[in-house]
Amino acid sequence: MATPIRYRVDLTDRLHHLVRVRVTVPEELAAGARLVLPVWTPGSYMVRNYSHHVQTIRATDPTGDSVPVTPDGITAWRLPDDVTGPVDVELELYANDLSVRTNHVDDHHALLIPAATFPYLDGATDRLHEVELPPHPAGHRTFSLLPAGDEPNTFVAQDRDHLIDSAFEVGDLPHIDFEVAGVPHTFVWAGHGGAPDLRQIAQDTTAIGEACLALFGSELPTDRYVFLCAGWDQGGGGLEHRDGSVLQMPIRTFQDPDLTARFQSLVAHEYLHLWNVKRLVPADLVEPDYEHPTHSPSLWVAEGWTAYYDELLPTRAKVWTPRRLLDTLRDTWERVDTTPGVRLQALRQASHEAWTKHYLRDENSPNVMTDYYGHGSLVAFELDLRLRQADPEGDGLDTVFRTLWSRHANTPEGYTEQDVLEAIAEVGNDDLADLIDTRVGAPQPPEIDEALLATVGLRVTDAGNGPATPDLGVQVTEADDGITLTSVLRDGPAWRGGLTGGDRLIAIDGATVARGELERALRAHAPDDEVAVTVTRGPRLLTRTVQLGEPRRRWKLAARDDATEQQAATFERWAGRTLDEVTER
Ligand SMILES: [Zn+2]
C-alpha cells in the first residue's frame, strides 16, 4: 500500500494563536513535490487565500539538513527536483479568525478548518491522509470528524478530499453523546461562555435528525456524526462537512427562544446536507479545484431547498410550532419580495456568481443580487405547493428529493439542473418543470397566490393594527454611536431623494435620530410627506429632501377558517402537524 501522507499538529502556543503543522512528504514523492494550500473550503464559495496566514514554511531532509522551499504561485510551494526524501515540511500558521470557515485558536479552544491548515501533495490526493493532533494542554481533548487511527491522537482520512471535509476542535469542552437511528452522534459546545442545556440539545437534535431521515426514507448515510459548535459574542452560521458540521452561534443563544429556534434551524440545515450536497452532489462540485473557484448553477437546490427544509423539518420534529414555521416563511417571502436585486439577477445566475456576489457584499448588494438561500427556499415552497395542489394525497417536494436521492446519490457524476427538472416533470408534469426552469432562469420572485396557499389550508391576512411606518426605502444598521443606512434600495424614497448606501443618519427635520428612534421619527409623518434628512457622507454633512412612501403592508400567514378536510389533511402531510395547531399570535 502507498505510504500515507502524514501530518502532525503542534498546538503548544495556542495563547498566541499559533499552529505548527508538519507534513511528511514520502520518499518516493519528495523530488519536485508540489504542496498546495487550498484557496477555499467546500460549502463556502469564496476565494479566501488561506496562505495569507502562513507565517513561515521550512523543510528538512532525513539528515536534518534544511531543504529550500520555493513558492509556486501564491498558494503552493515546490521542493527541489534533486532532494532525497522523506522531507518534513513545517508551516507556522496564525489562527485568530473565528468563523465556520477559518481557523481560530486561543487559550479556550482550537478550531481547525482543514482547507486552511493542511497543504496537500499534488499527485497524491487519493492516498490515505493521517493527522496526529495531540491535545494541548493536558486535560484537553481533540474532537475530530474523522475516525480515530490505531495510534493515540491520530485520525485517518481516506483521501485528500475526506481530510479537507473534516474539521477539528480541541479544548476542555462541554459535549454530549447521543444516537440517531442507532448511529453515534456528538455535540460539542466550544462556546466562549454560555450555558447550553446539552440534554435538551441532544433531544431536539435527535428529533430533527429523525425527521431528516424520514424525508429520505432510508438509513443514515453515515456511521458517525459530530457537531462542532463555536460560540462568540455575535454572528451565526454553519458549514457542512462529510460526517459532521461546524456551527457558530452567539454565546447566550440558549437563553433566548428566537436564537434557540435559529440554532435548531441551523442544526436541521447542516444535518440535511448529509444528504443534499455531501452525497447528492451538484455535478460541478464532484471534483472541486481547490486552487480556483468551482462554479455551480445548482445552489438554488443545494442551498435553497436545504433552507426550505431547515424550517419545515424542526416543525415536523415538533421542535418548532407551526406558528414559527409560518412566521419564518413569511419573513423570507417579504425579504425576497422587497429586495430590488431579485428583479435583476436570476436565481441560476446568483448561484453561478456566489463567488463574486453572495460572498462579497457591499452597500449596493440588495440592488443587484438575490439570495439563493431565501429566494431558492421560496421557489421550493411554490414548487411544493403546486405539486400538492396537483396531488393532495402525494408528498410534494419530498418525493422529488427522494427521486433525486435514489438516482444520483454517491454517483461519480453527481446531478445536473436537468436531472432536477426531469424529476420535477416526473413527480409533477412537464409544465411544472418548465415553470420552475423559468423561475430559476428569469430575474423574478416566485408567484404564490391565494389558491396555492389554500392547498394547505392557509391564507394571507393582516397582522395587527399597530401604527404604520411610512417607508424610507433603506436597510439600516443601528449601533450605540448612531444609525447607518447600510443600503439605499434602488428607486425607493431615499434613493430618489439623493441618499446613498453608507450614509450615516444624523437628523430628520432638524432633530437628531439616535439608535432605536428611526421608526418613531418616521411615524410622526404621513406617506407622501417631505422630510429633511441630514446625513454624513465621509467628511461631508448633507441634508436631502425625501418624499416618504406608503407603509409596507403588515401581513402574516394564517389557517383558513373555511379549510376543507382535504386542505387540512394536506397541511398535515406537509408540516407534520395539524392545521388546528396553527395558533394566532
Ligand atoms: Zn447550506
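Residues numbered from 1 in each chain as written. Predicted model: local features only at pLDDT ≥ 70, side-chain atom pairs only at ≥ 80, totals over all residues. Heavy atoms only, no water.

Concerning the overall build of the chain
Move 1: Helix and strand content of the chain: 16 helices and 29 strands.
Move 2: Computed over its C-alpha atoms, the radius of gyration of the chain comes to 26 Å, within 12% of the 25 Å expected for a compact globule of 585 residues.
Move 3: Projected onto the principal axes, the alpha-carbon positions of the chain cover approximately 80 × 65 × 45 Å.
Move 4: Within the chain, the proportion of its 585 residues that are buried is 55%. (Helix = DSSP H or I, 4+ residues; strand = E, 2+ residues; numbered from the N terminus. Rg over C-alpha atoms; globule rule 2.2 N^0.38 Å. Buried < 20%, exposed > 50% of the residue type's maximum accessible area, 1.4 Å probe, protein only.)

Details of the nonpolar core
Move 1: Phe-187, Trp-305, Phe-381 and Trp-574 are the most contacted members of the largest nonpolar core, which has 156 residues in total.
Move 2: Those residues within four positions of Trp-305 in sequence are excluded, and the remaining contacts are Asn-276, Trp-300, Gly-376, Ala-380, Leu-383, Leu-397, Val-400, Phe-401, Leu-404 and Val-420. (Core = buried A, V, L, I, M, F, W, Y, C linked by side-chain atoms within 4.5 Å. Contact = heavy atoms within 4.5 Å.)

Notes on the coordination of the zinc ion
Move 1: Taken together, His-269 (NE2), His-273 (NE2), Glu-303 (OE) and Glu-303 (OE) make up the full set of protein donors to the zinc ion, lying 2.0 to 2.8 Å away.
Move 2: One can describe the site at the zinc ion as irregular: its four donor atoms subtend angles covering 51 to 146 degrees at the metal.
Move 3: Site description for the zinc ion: donor spacing in sequence, H-x3-H-x29-E. (Donors = N, O, S within 2.8 Å, 3.2 Å for Na, K, Ca; no water. Tetrahedral: all angles 85-135°; square planar, octahedral: opposite > 155°, others 65-115°.)

A look at the domain arrangement of the chain
Move 1: What the domain assignment lists for the chain is domain 1 (5-171), domain 2 (175-275), domain 3 (291-462 + 559-581) and domain 4 (474-547).
Move 2: The centre of domain 3, based on its C-alpha atoms, is set 34 Å off from the matching centre of domain 4.
Move 3: Carbon and sulfur atoms supply 54% of the area buried between domain 3 and domain 4, which totals about 510 Å² over both sides.
Move 4: Where domain 3 meets domain 4, there are zero salt bridges.
Move 5: For the pair domain 3 and domain 4, the interface holds three residue pairs in polar contact (both at pLDDT 80 or more).
Move 6: When the residues that make up the side of domain 3 that touches domain 4 are grouped by side-chain class, the tally is two nonpolar, two polar and one charged. (Domains from an automatic or database assignment. Buried area = accessible area lost by both parts, 1.4 Å probe. Salt bridge = Lys/Arg side-chain N within 4 Å of Asp/Glu carboxyl O. Polar contact = N/O pair within 3.5 Å; in protein donor to acceptor, adjacent residues only side chain to side chain. Nonpolar A, V, L, I, M, F, W, Y, C, P; charged D, E, K, R; others polar.)

Section: the sheet that holds strand S16 (residues 168-171)
Move 1: One open sheet holds the five strands; their spatial order is S9-S10-S11-S16-S14, and the pairing between them is antiparallel. Either end of the sheet is taken by a strand with one partner, and the two such strands are strand S9 (96-99) and strand S14 (141-144). On average, adjacent strands in this sheet sit at an angle of 25 degrees to one another, irrespective of strand direction.
Move 2: Sheet topology places strand S10 (residues 102-105) next to strand S11 (residues 109-112); two bridges connect them, and they run antiparallel. (Pairing = 2+ DSSP bridges. Axes fitted to C-alpha atoms, helices over the stretch in contact; angles between N-to-C directions.)

Here's the deal with the packing of helix H6 (residues 322-337) against helix H16 (residues 565-575)
Move 1: Two elements in contact, H6 and H16, have axes separated by 12 Å at closest approach and are oriented at 85 degrees. With respect to each other, H6 and H16 are oriented roughly perpendicular. Residue-level contacts link Pro-322, Leu-325, Leu-326 and Leu-329 of H6 to Phe-571, Trp-574 and Ala-575 of H16.
Move 2: Taken together, the residues of the contact of H6 with H16 break down into seven nonpolar, no polar and no charged. (Parallel < 35°, antiparallel > 145°, perpendicular 65-115°, else oblique.)

Some details on the sheet that holds strand S5 (residues 66-67)
Move 1: Across the sheet, which stays open at both edges, the seven strands sit in the order S5-S4-S8-S2-S1-S13-S15 with mixed pairing between neighbours. In this open sheet, the two strands that pair with only one neighbour each are S5 and strand S15 (154-157).
Move 2: The pairing of strand S4 (residues 54-60) with strand S8 (residues 87-94) spans six bridges and is antiparallel. Looking at the pairing, Val-54 lines up with Leu-93 of S8.

Section: the environment of Val-89
Move 1: Following the sequence through the fold, Val-89 ends up in strand S8.
Move 2: Judged by its relative accessible area of 0%, Val-89 is buried.
Move 3: As a C-alpha pair, Val-89 and Gly-139 span 50 residues in sequence and 29 Å in three-dimensional space.
Move 4: Beyond its immediate stretch of four places on either side in the chain, Val-89 contacts Val-21, Arg-22, Val-23, Val-25, Leu-35, Ile-57, Arg-58, Ala-59 and Leu-79.

Structural notes on the pairing of strand S2 (residues 18-25)
Move 1: Strand direction decides the pairing type here: strand S1 (residues 5-10) and S2, joined by five bridges, are antiparallel. Each bridged residue has a counterpart across the sheet, and for Arg-8 the counterpart in S2 is Arg-22.

Observations concerning the packing of aromatic side chains
Move 1: This model, assessed by the stated rule, comprises 27 aromatic pairs.
Move 2: Here the aromatic rings of Trp-40 and Trp-355 are separated by 5.0 Å at their centres, their planes lie at 80 degrees, and the arrangement is edge-to-face. Here Trp-40, found in the loop between strand S3 (34-36) and S4, pairs with Trp-355, found in the loop between helix H7 (347-352) and helix H8 (365-368); they are 315 residues apart in sequence, far enough to count as distant. Accessibility classification places Trp-40 together with Trp-355 in one group, the buried group.
Move 3: Between Tyr-372 and Tyr-373, the aromatic rings sit 5.1 Å apart at their centres with planes inclined by 25 degrees, giving stacked as the arrangement.
Move 4: Its relative accessible area of 0% is what places Tyr-372 among the buried residues.
Move 5: The cationic tip of Arg-160 hangs over the ring face of Tyr-120; the distance from NZ or CZ to the ring centre is 4.5 Å.
Move 6: Taking NZ or CZ as reference, Arg-330 lies 5.0 Å from the ring centre of Trp-555, over its face. (Phe/Tyr/Trp six-rings, centres within 6.5 Å; stacked < 30°, edge-to-face > 60°. Lys NZ or Arg CZ within 6 Å of the ring centre and 35° of its normal.)

Overview of the side chain of Thr-332
Move 1: The topology assignment puts Thr-332 in helix H6.
Move 2: In this structure Thr-332 touches Glu-311, Gly-374 and Ser-377, once residues within four positions along its chain are discounted.

Quick notes on the pairing of strand S25 (residues 504-508)
Move 1: Two strands pair when backbone bridges link them, and strand S24 (residues 482-488) and S25 are joined in this way by two bridges, in the antiparallel orientation. Note on S25: the bridge partner recorded for Thr-484 is Arg-504.
Move 2: Summarising the sheet, S25 and strand S27 (residues 530-537) pair through four bridges and their orientation is antiparallel. Bridging from a neighbouring strand, Ile-508 pairs with Val-533 of S27.
Move 3: Two elements, S25 and strand S26 (residues 511-512), share two bridges in a ladder whose sense is antiparallel. Bridging from a neighbouring strand, Ile-508 pairs with Ala-511 of S26.
Move 4: Between S25 and S26, which follow one another and run antiparallel, lie two residues, and Asp-509 among them has a positive phi close to 50 degrees.

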